[in-house]
Amino acid sequence: MRIFSGIRPTGGLHIGNYLGAIKQWIALQETNECVFCIVDLHAITTPYEPKELQKNILETTAVYLAAGINPEKSIIFVQSDVKEHAELAWLLGTICPMGELSRMTQFKDKSRQHKDYVNAGLFTYPVLMAADILLYRSKAVPVGKDQEQHVELARTIAKKFNQKFGKIFPEPETITPKVGAKIMSLTDPKRKMSKSDDPKSYISLFDSPEAITKKIMSATTDSGKDITYNVTKKPGISNLLTIYSLLTDRPVEDIQREFHKKSYADFKKSLAKILIDYLEPFRRKQVELQTRDVYIKEMLNKGASRAKTIAETTMKEVREKMGLS
Ligand code: AQP
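A. Quick peek at the packing of helix α3 (residues 50-67) against helix α12 (residues 264-290). Interaxial distance between α3 and α12 falls to 9 Å at its minimum, and their mutual angle equals 125°. As the angle between them shows, α3 and α12 are arranged oblique. For the pair α3 and α12, the crossing hand works out as right-handed. Residues A62, L65, A66 and A67 of α3 pack against F282, K285 and L289 of α12. The class makeup of the residues in the contact of α3 with α12 is six nonpolar, no polar and one charged.

B. Quick look at the pairing of strand β2 (residues 33-38). Burial analysis of β2 places five of its six residues in the buried class, the great majority of the element. Where strand β1 (residues 2-7) lies against β2, six bridges are found, and the strand directions are parallel. Its bridge partner lying in β2, S5 is registered against F36. Taken together, the four bridges between β2 and strand β3 (residues 75-78) define a ladder with parallel strand orientation. Considered in β3, the bridge of C37 is made with F77.

C. Examining a nonpolar patch on the surface more closely. A surface patch of nonpolar side chains, amounting to about 240 Å² of accessible area, comprises I44, Y48 and Y117. Mapped onto the secondary structure, I44 falls in the loop between α2 (40-43) and α3.

D. Structural context of the site of the ligand. In the vicinity of the ligand there are 24 residues, among which K110, D146, S194, K195 and S196 approach most closely. Within the backbone of G16, one N or O atom sits 3.1 Å away from a nitrogen atom of the ligand. At a separation of 2.4 Å, an oxygen atom of the ligand approaches a polar side-chain atom of K195. For the ligand, whose unbound accessible area comes to 630 Å², protein coverage reaches 99%. Here the ligand occupies the largest pocket. Of all the secondary structure elements, the ones that give two or more residues to the shell around the ligand are β1, α1 (15-28) and α6 (105-113). Element by element, the count of residues in the shell around the ligand is highest for α1, at four residues. Classifying every residue of the shell around the ligand gives six nonpolar, 12 polar and six charged.

E. Local environment of the domain arrangement of the protein chain. Domain annotation of the protein chain identifies domain 1 (2-178 + 292-322) and domain 2 (206-287). Its C-alpha centre places domain 1 at a distance of 31 Å from the equivalent point of domain 2. On the domain 2 side, the residues contacting the nine residues of domain 1 number nine residues. Contact between domain 1 and domain 2 buries roughly 860 Å² in total, counting both sides, with carbon and sulfur atoms accounting for 79%. In terms of surface lost to domain 2, no three residues of domain 1 exceed I15, L19 and A66, which account for 51% of the buried area on that side.

F. Examining the nonpolar core more closely. I22, I216, F267, L275 and L300 are the most contacted members of the largest nonpolar core, which totals 61 residues. When residues of this core are assigned to domains, at least three map to each of domain 1 (2-178 + 292-322) and domain 2 (206-287). Aside from chain neighbours lying at most four places away, what touches I22 is I7, L13, N17, V63, A67 and I69. One finds F4, I168, I310 and A311 within the second-largest nonpolar core, a separate group that totals 45 residues.

G. Inspection of α1 at higher detail. The end-to-end C-alpha distance of α1, which contains 14 residues, comes to 19 Å, matching closely the 20 Å that a straight helix rising 1.5 Å per residue would cover. At A21, α1 shows its maximal kink, close to 40°. Of all 14 residues in α1, 11 are buried; the element is thus mostly enclosed. Taken residue by residue, α1 has I15, G16, N17, Y18, L19, G20, A21, I22, Q24, W25 and L28 as its buried positions.

H. Summary view of the layout of surface pockets. Put simply, the largest pocket is a space of about 900 Å³. Q106, K110, D146, Q147 and K192 are the residues nearest the centre of the largest pocket, which is lined by 41 residues in total. Those elements that provide at least two residues to the lining of the largest pocket are β1, α1, α6, α7 (120-135) and β4 (140-142). The calculated volume of the second largest pocket comes to roughly 280 Å³. Surrounding the second largest pocket, L41, T45, A86, A89, W90, G93, T94, G121, T124, Y125, V127 and L128 form its lining. Elements with a minimum of two residues in the lining of the second largest pocket: α4 (84-93) and α7.

What counts and what doesn't
- All chains use their own residue numbering, which begins from 1 and follows the written sequence.
- Per-residue local features are limited, in this predicted model, to residues with pLDDT of at least 70; the limit for side-chain atom pairs, both in listing and counting, is 80 or more; totals at the level of whole chains, interfaces and linings are taken over all residues.
- The side-chain numbers reported here are obtained from all heavy atoms of the structure, hydrogens and water having been left aside.
- Convention adopted: a line fitted to C-alpha atoms gives each axis, helices being fitted over their contacting stretch, and angles between N-to-C directions are expressed from 0 to 180 degrees.
- Runs of E in the DSSP output that reach at least two residues are strands. Runs of H or I that reach at least four are helices, and both are numbered from the N terminus.
- An angle below 35 degrees is treated as roughly parallel, one above 145 as roughly antiparallel, one from 65 to 115 as roughly perpendicular, and anything else as oblique.
- When the near helix sits turned anticlockwise from the far one by under a right angle, the crossing is termed left-handed; a clockwise turn instead gives a right-handed crossing.
- Any two residues whose heavy atoms approach within 4.5 Å are treated as being in contact.
- Gly counts as polar in this scheme, as do all residues outside two lists: the nonpolar Ala, Val, Leu, Ile, Met, Phe, Trp, Tyr, Cys and Pro, and the charged Asp, Glu, Lys and Arg.
- Buried, partly exposed and exposed residues are distinguished by accessible area as a fraction of the type maximum, computed with a 1.4 Å probe on protein chains only: under 20%, between the cut-offs, and over 50%, respectively.
- In short, DSSP must find at least two bridges between two strands for them to pair.
- Note that patches include only residues with greater than 30% relative accessible area and no salt bridge, and the join distances are 9 Å for like charges and 5 Å for nonpolar side chains (Val, Leu, Ile, Met, Phe, Trp, Tyr).
- The method behind every accessible area is Shrake-Rupley, applied with a 1.4 Å probe, and residues are considered shielded solely by the protein chains displayed.
- A pairing counts as a salt bridge when a side-chain nitrogen of Lys or Arg comes within 4 Å of a carboxyl oxygen of Asp or Glu.
- Proximity criterion: a residue is near a molecule or strand once any of its heavy atoms comes within 4 Å of it.
- Polar contacts here mean pairs of N or O atoms no more than 3.5 Å apart (in protein, one a potential hydrogen donor and the other a potential acceptor; neighbouring residues in sequence count only if both atoms are side-chain atoms).
- Computed over the protein atoms alone on a 1 Å grid, cavities are sets of points where a 1.4 Å probe fits but cannot get out and pockets are open sets with protein on both sides within 12 Å along at least five of seven lines; a residue lines them when it has an atom within 4 Å of a point.
- For a molecule to be placed in a cavity or pocket, more than half of its atoms must lie within 2 Å of the grid points of that cavity or pocket.
- All the domain ranges listed were derived from an automatic or database domain assignment.
- Accessible area that two parts lose when put together, evaluated with a 1.4 Å probe and summed over both, is termed the buried area.
- Here, nonpolar core refers to any group of buried Ala, Val, Leu, Ile, Met, Phe, Trp, Tyr and Cys residues whose side-chain atoms link them within 4.5 Å.
- Multiply 1.5 Å by the residue count of a helix minus one, and that product is the helix's expected span.
- What the bend at a residue measures is the angle between two axes, fitted to the seven residues ending there and to the seven starting there.
- Grid points are joined across faces, edges and corners, and a volume is the space filled by probe spheres set on the points.

Okay, here's the thing in structure tokens:
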């Protein structure tokens, strides 16, 4: 099965990106043909610093590699290196109903978050994402919960295209993890953990042990003393319990039992230690990769040329079906 997924190079990736998306990719690449993209054209739809973009692209690639994405097995490349993404996005935009785009919650959230930067690209972001997925005729898209709605729209667009012009595209399915599909912010556990938020609200995969301890110890918890999972009454502790459970592969009930009658501080200290140990290989690998920019760029070039071969074949057929050649 061909699988596509991507991440915006908008800054340090966090444990939400890892637990919601990347962790699934590692397992999927063993038995599927995976295409993993660094989606820079999506990154520029929210405020960004042009001088930082190339650095962020290399850093996001380093995360992919540090997490265990294998460039021998999977295709890793930068979106803007394969021009067909932009071309297909334009073509699909002509069959995507405006009403569908107006319903997208990410557009509403991001336009509230960046009031002075509400651009047409942000509005049509889901069409570009549909193009990313359909260009590779992907059957499945492993993403966190926040992206489910966009994959659903990609399915709608594929269906419309197939009906109108003839069948080319599979209707892609979402793959979301049962637990961890939406890791919440450490400072406001009612909101999603987000890398464009305040750094105190997330644990970056490359955070130092000191930063991890500081962020976890000051994470917002709830009134009361019990360490129990209850998303409505105790969103802060529930979020930390979810992270604890995912990193240790232990059921939440088991962790609750261990910390019965212990304090929030005891629980947080233990979680900080677990995170520090879990993320140690990421920090090590990042230091190693920092001196290997040339290798990363070469690998991305190879990835782009493999991606282009597939993209060109799809576009040839799309142009023919649409009467453009
Ligand atoms: N909090 C989260 N919990 C679980 N999964 C998450 N993802 C993002 N946040 C969480 C998943 O990570 C993948 C990459 O996301 P993205 O960078 O392309 O964009 P995003 O969803 O908008 O992520 P952020 O961190 O919130 O970035 P910014 O702040 O730049 O917008 C996706 O699969 C996403 O579902």
